[in-house]
Structures are given as C-alpha cells and as structure tokens.
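# Report on the structure
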Amino acid sequence: MTKRGDNMYLKDLREKAGYTQQELADKAGISRTTISMIEQGENQPSVKLAKKFGEIFNVGWEKFF
C-alpha cells in the first residue's frame, strides 16, 4: 500500500466500525489528535499502537505501515 492508502485504511476501518476519532482514541488509550494526525498522514503509529489497532479492528497490525 502507499502511504496514503495506509492512512485511509485506518479511517476506513474506524468509520466502518462506527467510531468517532475520540471513541477510537479512548479505546486505544491515546489522544484524538494522534488519530487525526495518523489519518492525515502527519504521523505514523508506533508498532505498539499498530498492534492495539489490530486488536481493536481484528486485523493484522502490519497493515498500518
């Protein structure tokens, strides 16, 4: 995937699950701003955070890179 594709992947998963950025941030234990920055391509998740996203969405964590 391209970098943009990775960012859209998180947003797509979040929206399909019906989560707001704040709800996902609360589930992941991070700030809403961090979710926004990842979705906008201004930041990348750490491996730890990618694994948390994988758990939340029941997908492979490596898809977030």
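Presented here is a report on the structure given in the accompanying data block. Quick caveat, the model's predicted, so the values are computed rather than measured.

Let us look at the nonpolar core. If you look at the biggest cluster of nonpolar residues, it comprises 13 residues, and the most contacted ones within it are Leu10, Leu24, Phe53, Phe57 and Phe64. Elements represented by at least two residues in this core include exactly helix H1 (3-17), helix H2 (21-28), helix H3 (32-39) and helix H4 (47-57). A total of four residues in this core trace back to one element, the largest contributor, which is H4. If we ignore the near neighbours within four places in the chain, the residues touching leucine 10 are Leu24, Ile38, Glu39, Phe53, Phe57 and Phe64.

Take H2 next. Buried within H2 we find Gln21, Leu24, Ala25 and Ala28. One side of H2 carries all its buried residues, which in axial view fall inside an arc of 100 degrees. Downstream of H2 by a residue or two, glycine 29 has a phi angle that is positive, lying close to 75 degrees.

What the rule picks out here adds up to four aromatic pairs. The interplanar angle of 55 degrees and the centroid separation of 5.4 Å between the aromatic rings of tyrosine 9 and phenylalanine 64 together place this pair among those described as tilted. Note that tyrosine 9 is positioned in helix H1 and phenylalanine 64 in the segment after H4, a separation of 55 residues in sequence. Residue tyrosine 9 is classed as buried on the basis of its relative accessible area of 16%. Pairing phenylalanine 53 with phenylalanine 64 gives two aromatic rings, centres 5.4 Å apart and planes at 55 degrees, and the pair type is tilted.

Rules used in this analysis
- Residues numbered from 1 in each chain as written.
- Predicted model: local features only at pLDDT ≥ 70, side-chain atom pairs only at ≥ 80, totals over all residues.
- Heavy atoms only, no water.
- Core = buried A, V, L, I, M, F, W, Y, C linked by side-chain atoms within 4.5 Å.
- Buried < 20%, exposed > 50% of the residue type's maximum accessible area, 1.4 Å probe, protein only.
- Helix = DSSP H or I, 4+ residues; strand = E, 2+ residues; numbered from the N terminus.
- Contact = heavy atoms within 4.5 Å.
- Arc of directions from axis to C-beta.
- Phe/Tyr/Trp six-rings, centres within 6.5 Å; stacked < 30°, edge-to-face > 60°.

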